[in-house]
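# Coordinate analysis (summary)
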Amino acid sequence: MRQICSCAFGRKDCKKRKGTMKPRLAKQMVKGLRLCENVTTTGRKRQMIHQQYEVDDHLHEECGVFGIYDMDGNDVASTIYYGLFALQHRGQESCGIAVSDTSGPKGLVLSHKGMGLCNEVFTPEDLESMKGNIGVGHTRYSTAGSSTRENAQPLVLNYIKGTLGLAHNGNLINTPQLRQELARTGAIFQTTIDSEIIAYMIARARVEQPTVQAAVAEAMKKIKGAYSLVVMSPRKLIGARDPYGFRPLCIGKRGNAYILASESCALDTIGAEFVRDVEPGEIVTITQKGIESNRSMCIPKEQHARCIFEYIYFARLDSVIDGMSVYDSRITAGRCLAKDSPVDADVVVGVPESGNAAAMGYSLESGIPYGTAFVKNGYVGRTFIKPQQSQRESSVRVKLNVLKEAVNGKRVIMIDDSIVRGTTSDRIVGMLREAGATEVHVRISSPPFLYPCYFGTDIPDREQLIAYNRSVDDICKIIGADSLAYLKMERLPELSGGRQYCHGCFSGQYPMKPPTEDIRGDHEDFKRGSESHIIS
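None of the values given here were measured: they were computed from a predicted structure.

## Description of the pattern of salt bridges
Under the criterion given, the structure shown has 20 salt bridges. Glu279 is the partner of Arg295 in a salt bridge, and the nearest nitrogen-oxygen pair spans 3.2 Å. Note that Arg295 is positioned in the loop between strand S17 (290-294) and strand S18 (306-307) and Glu279 in the loop between strand S15 (273-277) and strand S16 (283-287), a separation of 16 residues in sequence. Two residues, Arg335 and Glu365, come together in a salt bridge whose shortest N-O distance is 2.8 Å. Of this pair, Arg335 sits in helix H10 (residues 326-340) while Glu365 is found in helix H11 (residues 354-366), placing the two residues 30 residues apart along the sequence. On the accessibility criterion, Arg335 (29% relative accessible area) is partly exposed. Look at Glu365 and you get partly exposed, because its relative accessible area is 32%. By sharing partners, the salt bridges in this structure join Arg90, Arg247, Glu263 and Glu310 into a single network.

## What to know about unusual backbone geometry
Excluding glycine, residues mostly carry a negative phi; peptide bonds, for their part, are mostly trans. A cis amide bond links Gln153 with the next residue in sequence, Pro154, at an omega value of 10 degrees. Relative to the assigned elements, Pro154 resides in the loop between strand S8 (134-140) and strand S9 (155-159). Positive phi, normally seen in glycine, also occurs at Asp322, with a value near 50 degrees. Despite not being glycine, Asn469 has its phi angle at roughly 60 degrees, a positive value. Of note, Asn469 is situated in the loop between strand S25 (439-444) and helix H14 (472-479). Given the relative accessible area of 68%, Asn469 is considered exposed.

## Re the sheet that holds strand S21 (residues 347-350)
Spatial ordering of the open sheet is given by S21-S24-S25-S26, a layout of 4 strands whose pairing is parallel. The sheet is open, and its two edges are formed by S21 and strand S26 (483-486), each paired on a single side. Between one strand axis and the next, the sheet turns through 20 degrees on average, direction left out of account. Bridge count for S25 against S26 is 4 bridges, and the pairing is parallel.

## Here's the deal with empty space enclosed by the protein
Inspection of the entire model under this criterion finds 5 cavities of 30 Å³ or more. By volume, the largest cavity is sized at about 120 Å³. Forming the boundary of the largest cavity are 14 residues, of which Cys307, Cys453, Thr457, Cys502 and Cys505 lie nearest the centre. Here the lining of the largest cavity is built from residues that sort into 11 nonpolar, 2 polar and 1 charged.

## Examining the sheet that holds strand S11 (residues 225-232)
Here we have 6 strands laid out as an open sheet, ordered S9-S10-S11-S12-S16-S17, and antiparallel in their pairing. In this open sheet, the two edge strands, each paired with only one partner strand, are S9 and S17. The sheet shows a mean angle of 20 degrees between the axes of neighbouring strands, taken without regard to direction. Judged from the 5 bridges that link them, S9 and strand S10 (residues 162-172) form a sheet pairing that is antiparallel.

## So, the environment of Ala187
Checked against the element boundaries, Ala187 lands in the loop between helix H5 (175-184) and helix H6 (194-208). Assessed through its relative accessible area of 0%, Ala187 is described here as buried. With 10 residues separating them along the chain, Ala187 and Ile197 place their C-alpha atoms 9.8 Å apart.

## So, the side chain of Thr192
Structurally, Thr192 can be placed in the loop between H5 and H6. Judged by relative accessible area, Thr192 falls into the buried class, the value being 3%. A distance of 2.8 Å separates polar atoms of two side chains, one belonging to Thr192 and the other to Asn151.

## Description of the nonpolar core
Core analysis: the biggest nonpolar cluster contains 45 residues, and Ile308, Phe309 and Phe455 have the highest contact counts within it. Where this core is concerned, the elements lending two or more residues are helix H9 (309-314), H10, H11, strand S24 (411-416), helix H15 (492-495), strand S27 (501-502) and helix H16 (504-507). Ranked by size, the runner-up nonpolar core spans 32 residues in total, among them Phe189, Tyr227, Leu229 and Ile283.

## A short note on the state of the cysteines
A disulfide bridge is the covalent bond that connects two cysteines by way of their sulfur atoms. Within this structure, the stated rule accounts for 0 disulfides. The cysteine Cys95 is free of any disulfide, with Cys118 supplying the nearest cysteine sulfur at 4.1 Å. For Cys250, which is in no disulfide, the shortest distance to another cysteine sulfur is to Cys265 and amounts to 8.4 Å. Accessibility expressed as a relative area gives 1% for Cys250, which makes it buried.

## Looking at the environment of Val231
Take Val231: it is sitting in strand S11. Overall, the relative accessible area of 1% leaves Val231 in the buried class. Once the C-alpha coordinates of Val231 and Ala199 are considered, the two residues, 32 residues apart in sequence, prove to be 8.9 Å apart.

## As for the side chain of Ser262
Here Ser262 shows up in the loop between strand S14 (257-261) and helix H8 (264-269). A distance of 2.8 Å separates a polar side-chain atom of Ser262 from the backbone nitrogen of Val65. Sequence-distant contacts of Ser262, defined by excluding residues within four places in its chain, comprise Cys63, Gly64, Val65, Leu87, Arg90, Asn169, Pro248 and Leu249.

## What to know about H10
Helix length check: H10 (15 residues) gives 21 Å between terminal C-alpha atoms against 21 Å at 1.5 Å per residue, within 8%. Those residues of H10 that sit buried are Val326, Ser329, Arg330, Ile331, Ala333, Gly334, Cys336, Leu337 and Ala338. Capping of H10 at its N-terminal end is provided by Ser325; its side-chain oxygen lies 3.3 Å from the backbone amide nitrogen of Tyr327.

## What to know about the packing of H5 against H6
Axis angle and axis distance: for two packed helices, these are the angle between their axes and the distance between the axes, and together they describe the pair. Look at H5 against H6: their axes get within 10 Å of each other, and the N-to-C directions meet at 50 degrees. Between H5 and H6, the interaxial angle falls into the category oblique. The two elements H5 and H6 meet at a crossing, and its hand is left-handed. Taking contact as the criterion, the partners of Thr175, Leu178, Arg179 and Leu182 in H5 are, on H6, Asp194, Glu196, Ile197, Tyr200, Met201 and Arg204. Across the contact of H5 with H6, the residue classes tally to 5 nonpolar, 1 polar and 4 charged.

Calculation criteria
Residues numbered from 1 in each chain as written. Predicted model: local features only at pLDDT ≥ 70, side-chain atom pairs only at ≥ 80, totals over all residues. Heavy atoms only, no water. Salt bridge = Lys/Arg side-chain N within 4 Å of Asp/Glu carboxyl O. Helix = DSSP H or I, 4+ residues; strand = E, 2+ residues; numbered from the N terminus. Buried < 20%, exposed > 50% of the residue type's maximum accessible area, 1.4 Å probe, protein only. Pairing = 2+ DSSP bridges. Axes fitted to C-alpha atoms, helices over the stretch in contact; angles between N-to-C directions. 1 Å grid on protein atoms, 1.4 Å probe; cavity = no way out; pocket = protein on both sides within 12 Å on 5 of 7 lines; lining within 4 Å. Points joined across faces, edges and corners; volume = space filled by probe spheres on them. Nonpolar A, V, L, I, M, F, W, Y, C, P; charged D, E, K, R; others polar. Polar contact = N/O pair within 3.5 Å; in protein donor to acceptor, adjacent residues only side chain to side chain. Core = buried A, V, L, I, M, F, W, Y, C linked by side-chain atoms within 4.5 Å. Disulfide = S-S within 2.5 Å. Contact = heavy atoms within 4.5 Å. Expected span 1.5 Å × (residues − 1). Parallel < 35°, antiparallel > 145°, perpendicular 65-115°, else oblique. Left-handed = near helix turned anticlockwise from the far one by under 90°.

Spelled out as structure tokens, the structure:
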């Protein structure tokens, strides 16, 4: 039995109750919801003091990936570092780089990874010592697997055919089944992340397949879910994207070097030219001969399911994903809000950073002046990316401060990208009122969240979502706004430029059958309870 308090479900009063609880919900609570008594998760007990953590009201994305192959033989570690720096918004928990020399001995891979930001993990001496003209890099936020150094990527795997370096963005939905299959046939697991499953599946397939890229294709037939992969072998750099295209991946070129990156903004940062996006289901192989493409895993475009939140929130404003500008997408969202949910006001403001462009779009469409109401502490970064609530300060004021001169005595329209739990929206609305705003009207550039995500976005269980079993009016009262409106579902195609997208978190209709049980974050429990053997 697991004893929890009802305030874990968002109620203010603490009323103890007893009952069974899924391990996922227990983990979410340990990650920062209000709770009482003892919380028991599978295989261990955690004693929790009745303490209220501030739950940041934003979504979490899993990772950013980067890879480069310099045909001229130049060292690439510093380039990977700056590429990861441009992708830091996709994960601030850990990062790593692995490099190899294609003209040197096969199997020699130099890697360095650790917990924290890029500029905390790497020193100039670290980068200088990493000699090699091919490499992969990764920034991580954990949606599956615990937050430890062992789970930092890239993963480097030594096996009978040589070495593999792998960086993965996304989340698999059949990890437990694959993990059991591998364990029964002799696998030993060094991490609790699904990325290790992918690496093992590729390594196993490579024993029977003639090339690494063929092994990747064979592994893709077995893994299910969301993944954008960058794989380094001794002489090749491979990129792969799941058939639905949940997560982005693009190709760039700088001189005689080819690059793979989660977002085009990373290409801009290193001075590379954007070549094209990796298509959903496509495998690209970069060698001395150039780029080869395998589209055998591609599915009809009508079945594609890009994560719509890449455009709404995750991706950096200056990125272009599958031909659609993130900036244009957010401007469009703001324009749609102004058309569908107008209100008389004196100024339109955005909650930094992703709310700013949508606020500009609202202003352009409505004619109401756009203003800057929030000053963001540039040294804090996107602190909500850190998965443990105990790592966050107790007030949103650490990150944001209101410009009183911009809102005092004015009717304010505040644009934000989402409301997940509602735990910071009320604080921000309160800050505007304290600064003298006479009215605060909240507009959200996404529909209400009603369902969890299984494909790499850390949307929590339904019971924790403020929109679950509540009307818009109820939510408006909870956050203390004068009015509240969300983006309409039928407007989403305009944000993606007509491209197919996943809307499962809004509608409950997923592009593939979701797991029967919520297995997100439970891989560490499997590791503790399973037999471990050596992979051959």
